[in-house]
Amino acid sequence: MQDLTEGVARFQRDVFPAKAELFAHLATHHTPHTLFISCSDARVVPELITGTEPGDLFVIRTAGNLVPAYTPEADGVAASIEYAVAALGVKDIVVCGHSACGAMTALAQGHDLSGAPAVAAWLRHADASQARTAAGDVPALVRQNVLAQLANLATHPSVARALAEGRAALHGWVYDIPTGRVEDLTAATPALAA
């Protein structure tokens, strides 16, 4: 906890004063341009990877960067997606997977998740990805999972509407932790990038 309180002190002393004008603007304006859905993994920091400022990204982080297909039942992921797209009008939606993902590794390698029943239930949202990937191939599963989550996103009415009207575009990325590279899986797939 000491590290966190020291970090807050540094933020208040050094960062906040240098960006006081930005924070004053953000106090009354919330207009992110991108919905960024990434893994909860602490090694994946969307703002750092993208070089963005506070207020630029609307971020959803879930284990395995999973996005359940739309259902009428309320859930936090669906509500956040709908708010970002329908209320905030984000123009781009990125699903970002990453190398060495613990969730995808557990699935690819068949780890016993009986001691983590909530995690096991959540990871069922990657069943389609797992079905398309050879057992044990974590990098391939990470990529397939990003593409499957983009397909799930398109089932959300707010996203489907924004895509049909040309107001938003979907992007699938994979961030490689040891090299810092970001692979755009949708660059060669116009239907997903448009």
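Remember, it's a predicted structure, so these values are computed and weren't measured experimentally.

Trainee: Hey, could you go over the packing of aromatic side chains for me, with residue numbers and the actual values?
Mentor: On inspection of all chains with the given rule, the structure shows five aromatic pairs. Between F36 and W173, the aromatic rings sit 5.9 Å apart at their centres with planes inclined by 75°, giving edge-to-face as the arrangement. With a gap of 137 residues between them, F36 in strand β1 (residues 34-39) and W173 in strand β4 (residues 169-175) connect regions that are remote in the sequence. By relative accessible area, which is 0% here, F36 ends up buried. Through a chain of ring-to-ring contacts, three or more aromatic side chains come together here, namely F11, F16 and F23.

Trainee: If you had to explain the state of the cysteines to someone new, which residues and values would you point to?
Mentor: Note on terminology: a disulfide is the covalent bond linking the sulfur atoms of two cysteines. Counted under the stated rule, the structure contains zero disulfides. Free cysteine C39: the closest other cysteine sulfur is in C101, separated by 4.2 Å. For C96, which is in no disulfide, the shortest distance to another cysteine sulfur is to C39 and amounts to 9.4 Å.

Trainee: An account of the confidence of the model for the protein is needed here, citing residue identities and associated values.
Mentor: For the protein, per-residue confidence averages 94 on the pLDDT scale, and residues scoring 70 or more make up 96% of the total. A low-confidence stretch, residues 190-194 stays under pLDDT 50, and its non-local contacts, those more than four residues away or across chains, total 14 contacts.

Trainee: Go over the nonpolar core with me, naming the residues and quoting the values.
Mentor: In this structure, L35, I37, I81, I93, M104 and L153 are the most contacted members of the largest nonpolar core, which totals 34 residues. Of all elements in the fold, only β1, β2 (57-62), α4 (76-87), β3 (92-98), α5 (102-108), α8 (138-153), α9 (157-164) and β4 reach the threshold of two or more residues within this core. By residue number, the principal contributor to this core is α8, which donates six residues. Each residue touching M104, except ones within four places of it in the same chain, is listed here: G64, L66, A126, L141, V142 and N145. Residues V44, L57, V94 and C96 belong to the second largest nonpolar core, which totals six residues.

Reading guide: rules and limits
- Per chain, residue numbering runs from 1 following the sequence as it is written.
- Confidence filtering applies because this is a predicted model: local features only for residues at pLDDT of at least 70, side-chain atom pairs given and counted only at 80 or more, and all residues used for totals across whole chains, interfaces and linings.
- Processing note: side-chain calculations cover all non-hydrogen atoms of the structure and skip hydrogens and water entirely.
- Stacked, tilted and edge-to-face are the three classes applied to pairs of Phe, Tyr and Trp rings, where Trp contributes its six-membered ring and a pair requires centres within 6.5 Å; stacked means planes under 30 degrees apart, edge-to-face means over 60, and tilted covers the rest.
- Elements are defined by DSSP. Helices are runs of H or I of four residues or more, strands are runs of E of two residues or more, and each kind is numbered from the N terminus.
- Note on exposure labels: buried denotes an accessible area under 20% of the residue type's maximum, exposed denotes more than 50%, and partly exposed covers the range between, all computed with a 1.4 Å probe on protein chains only.
- Disulfide: a pair of cysteine sulfur atoms within 2.5 Å of each other.
- As a per-residue quantity, pLDDT reports the predictor's confidence and falls between 0 and 100.
- Residues count as neighbours in contact if any of their non-hydrogen atoms are within 4.5 Å of one another.
- Put simply, buried Ala, Val, Leu, Ile, Met, Phe, Trp, Tyr and Cys residues joined by side-chain atoms within 4.5 Å make one nonpolar core.

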